[in-house]
Amino acid sequence: MSDRGERYTGGVESLTPLAPRRLRRVLFRQFWRDLVFLHWEVDPFDVARLLPPGTVPDLYRGRAYAGLVFFRMEDLAFGNGPPLPYLGTFNEVNVRLYSRDALGRRGVVFRSLDCDRLLPVLAARAGFGLPYRWARVSRQWHGRHLVYRTRGRLHERPSGRVRVRVSDDTVGPRPLDEFLTHRWGLHERGPTRTYYLPNAHPAWTFRRCDLLDRDASLLAAAGVAPLRAEPDSVLYAPGVPVRFGTPVPLPSPGRARRPGRAR
């Protein structure tokens, strides 16, 4: 199936380790390295009010989740062109929610994205309407310990931090982890309509990791409040090459509905 998304067989798309739709055209490419995923259960009605028109919360066994994700982006490139020097490699921290649209496509909705390169921040905000913020983001390895830190520049001060101990042992994802990471596009509010931006990458490989420390203040700053102090899912992935297709407008803007029940 192409990335135009015109074929629909009803229901919600399955959770698959590889993208269920072929990208008809590659808009840009990048490599995601050293990803740390932290997820907390949140109130689905809080999520519903934060999603763009035409989408509803995607729920796992009736529960909604918010993610705090730390990673390093490398080798950003447009189409089949070469990677951008300097500007194409940076650290990023994002807060994300999980959505579905009328065609059953599962997606990600970003509530905030911290980046330590100003030009990509300006380009992503202007070109895609994504809520990027220019921030001081660092990534450091200390033996097997991986530490990310972020703090806004100027007067923007919400901060985030994570420290994990990473093993060489690979682990299989739990069903909840698959729900949170088998995501093949994002939903975002465009100038006139919500759009879906598809992506594709190889299947995730996860390594065993232990959460040692974190500061999740970015969640509250993004408008979501975890129901518990400890995260429900902690994952580390060494990385994957990622391709993004072209934006696809949703069939109709509609209005966000009450959250539905889906795995």
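Calculation rules
Sequence order as written defines residue numbering, which begins from 1 separately in each chain. With the structure being a predicted model, the display of local features is reserved for residues of pLDDT at least 70 and the display and counting of side-chain atom pairs for 80 or more, all residues being used for whole-chain, interface and lining totals. Excluding hydrogens and water, the side-chain values take into account all heavy atoms of the structure. Here, a salt bridge means any side-chain nitrogen of Lys or Arg that lies within 4 Å of a carboxyl oxygen of Asp or Glu. For every residue, the accessible area (1.4 Å probe, protein chains only) is compared with the maximum for its type, and the residue is labelled buried under 20%, exposed over 50%, or partly exposed between those bounds. To qualify as a helix, a DSSP run of H or I must reach at least 4 residues; to qualify as a strand, a run of E must reach at least 2; elements of each kind are numbered from the N terminus. Contacts were defined at the residue level, with two residues in contact if any of their heavy atoms lie within 4.5 Å. Confidence scores labelled pLDDT are given residue by residue by the predictor and lie between 0 and 100. Nine residue types can take part in a nonpolar core, namely buried Ala, Val, Leu, Ile, Met, Phe, Trp, Tyr and Cys, and a core is a set of them joined through side-chain atoms within 4.5 Å. Within 6.5 Å between ring centres, the rings of Phe, Tyr and Trp (the latter by its six-membered ring) count as paired, and their orientation is classed by plane angle as stacked under 30 degrees, edge-to-face over 60, tilted in between. Think of it as a cone above the ring: NZ of Lys or CZ of Arg counts as a charge over the ring if it is within 6 Å of the ring centre and within 35 degrees of the ring normal.

A.B. asks: Just checking my understanding: could you explain the pattern of salt bridges for this structure?
C.D. replies: For the structure shown, the criterion picks out 17 salt bridges. Here R49 makes a salt bridge to D46, at a shortest N to O gap of 3.8 Å. We classify R49 as exposed; its relative accessible area is 55%. Residues joined by salt bridges that share partners form a network here, namely D58, R100, R106 and R183.

A.B. asks: I keep staring at the environment of A222 and nothing clicks. Help me out?
C.D. replies: As for its placement among the helices and strands, A222 is situated in the loop between α4 (217-221) and β12 (233-244). With 112 residues separating them in the primary sequence, A222 and F110 have C-alpha atoms 9.2 Å apart. Setting aside residues no more than four positions away along its own chain, A222 makes contact with L50, V95, R111 and S112.

A.B. asks: Help me understand the confidence of the model for the protein chain in this model?
C.D. replies: In regions of low pLDDT, the predicted coordinates are not meant to be interpreted in detail. Taken over all residues, the pLDDT of the protein chain has a mean of 91, while the share at 70 or more is 91%. Per-residue pLDDT stays below 50 along residues 1-9; that stretch engages in 22 contacts with residues further than four places along the chain or on separate chains. Predicted confidence is poor over residues 253-259, with pLDDT under 50, and the contacts of this stretch with residues over four places away or in other chains come to 17 contacts.

A.B. asks: Can you walk me through the nonpolar core in this structure?
C.D. replies: Burial of nonpolar side chains together is a common tendency in soluble globular proteins. Of all hydrophobic cores here, the largest spans 34 residues; its most connected members are W32, F37 and W204. Within the residue set of this core, elements represented by two or more residues are β1 (28-42), β3 (64-78), β4 (90-101), β5 (106-115), α2 (118-128), α3 (175-181), β10 (194-200) and β12. Apart from residues no more than four positions distant in its own chain, W204 is found in contact with W32, L35, F37, T181, H182, A237 and V240. L38, V93, A135 and L146 belong to the second largest nonpolar core, which has 29 residues in total.

A.B. asks: Looking at this structure, I do not really get the packing of aromatic side chains. What am I missing?
C.D. replies: Aromatic ring pairs are described here by two measures, namely the spacing of the ring centres and the angle between the planes. This structure, assessed with the given rule, holds twelve aromatic pairs. Residues Y98 and F179 carry aromatic rings whose centres are separated by 6.3 Å and whose planes lie at 55 degrees to one another, so their mutual orientation is tilted. Of the two residues, Y98 sits in strand β4 while F179 sits in helix α3, which places them 81 residues apart along the sequence. Plain terms: the ring middles of W141 and Y236 are 6.1 Å apart, the flat faces sit at 85 degrees to each other, and that makes the pair edge-to-face. Of the two residues, W141 sits in strand β6 (residues 132-142) while Y236 sits in strand β12, which places them 95 residues apart along the sequence. What links up through ring pairs into an aromatic cluster is the set F28, W32, F37, F71, F128, W204, F206 and F244. Lying over the aromatic face of Y86, R117 brings its terminal NZ or CZ to 3.9 Å of the ring centre.

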